[in-house]
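Structural features, examined
As a plain string of letters, each chain reads:
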Amino acid sequence: MSNIITNSKNLTSITLYYAIDKQYRNLGHGATMLTEVSDYLLDNVDMLVLMIDITNTPSMKTAEKAGFKEEYRDDEDVIYTKYSNIKNKKSCKEN
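**Overview of the pairing of strand 5 (residues 77–83)**
Across the seven residues of strand 5, seven count as buried, placing the element largely inside the fold. The alternating pattern of strand 5 places Asp77, Ile79, Thr81 and Tyr83 on one face and Val78, Tyr80 and Lys82 on the opposite face, and all of these are buried. Bridging between strand 3 (residues 47–53) and strand 5 involves seven bridges; their strand directions are antiparallel. For Asp53, the partnering residue across the bridge sits in strand 5 and is Asp77. Where strand 4 (residues 69–73) lies against strand 5, four bridges are found, and the strand directions are antiparallel. The residue bridging Arg73 from the neighbouring strand is Val78, located in strand 5. Hairpin connection, strand 4 to strand 5: the antiparallel pair is bridged by three residues.

**Quick word on the pattern of salt bridges**
Side chains that differ in sign of charge can pair as their charged atoms come close. Counted according to the given criterion, the structure contains one salt bridge. Two residues, Glu70 and Arg73, come together in a salt bridge whose shortest N-O distance is 2.9 Å. With a relative accessible area of 35%, Glu70 lands in the partly exposed category. On the basis of relative accessible area, Arg73 is assigned to the partly exposed category, the value being 43%.

**A look at the confidence of the model for the protein chain**
Looking at the protein chain as a whole, its pLDDT mean stands at 86, while 88% of the residues score no less than 70. Confidence scores differ between elements of the protein chain, with strand 1 (residues 5–6) showing the lowest mean pLDDT of 81 and strand 4 the highest of 96. Ignoring residues within four places in sequence, the model shows residues 88–95, a span with pLDDT below 50, making 19 contacts including any to other chains.

**Quick notes on the sheet that holds strand 3**
One open sheet holds the five strands; their spatial order is 1-2-3-5-4, and the pairing between them is mixed. Taken across any chain shown, the strands that pair with only one partner, and hence form the sheet edges, are strand 1 and strand 4. Strand contacts of helix 1 (residues 29–41): strand 2 (12–16), strand 3 and strand 5, with the helix running at about 160 degrees to strand 2, the strand carrying the most contacts. Sitting on the sheet, helix 2 (residues 57–65) touches strand 3, strand 4 and strand 5, and the angle it makes with strand 3 is about 160 degrees.

The rules we used
- Residues numbered from 1 in each chain as written.
- Predicted model: local features only at pLDDT ≥ 70, side-chain atom pairs only at ≥ 80, totals over all residues.
- Heavy atoms only, no water.
- Buried < 20%, exposed > 50% of the residue type's maximum accessible area, 1.4 Å probe, protein only.
- Helix = DSSP H or I, 4+ residues; strand = E, 2+ residues; numbered from the N terminus.
- Pairing = 2+ DSSP bridges.
- Salt bridge = Lys/Arg side-chain N within 4 Å of Asp/Glu carboxyl O.
- pLDDT = per-residue confidence, 0-100.
- Contact = heavy atoms within 4.5 Å.
- Axes fitted to C-alpha atoms, helices over the stretch in contact; angles between N-to-C directions.

In C-alpha cells:
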C-alpha cells in the first residue's frame, strides 16, 4: 500500500498492491480481500488505485469482482480505481 496522496482534483488516494500464492488462486480470496480492504480504506480516502500488468487477466477479473473499474489502459498496464461511496467524486477521466 502506498502513502496517501492528493491528486490535482483534490482527491486523496492510496495505491494498493497484492499477490495471491498459487495454491490459493481461483478461490475468491483476492476479491474478498480487495473488497474488505477497500471498504475499510474508503472510509478515510476518496479513491483506491490498482495498477495491473496488461497480461494479467486473472488479476483484472479479481479487481472487477471487488468493485474496481477500469480507468486507463496503455501498452503495459491497466489502471483500476474504486471511489468512496460516501462522496460524489468524478472519475479522473472527467474534466
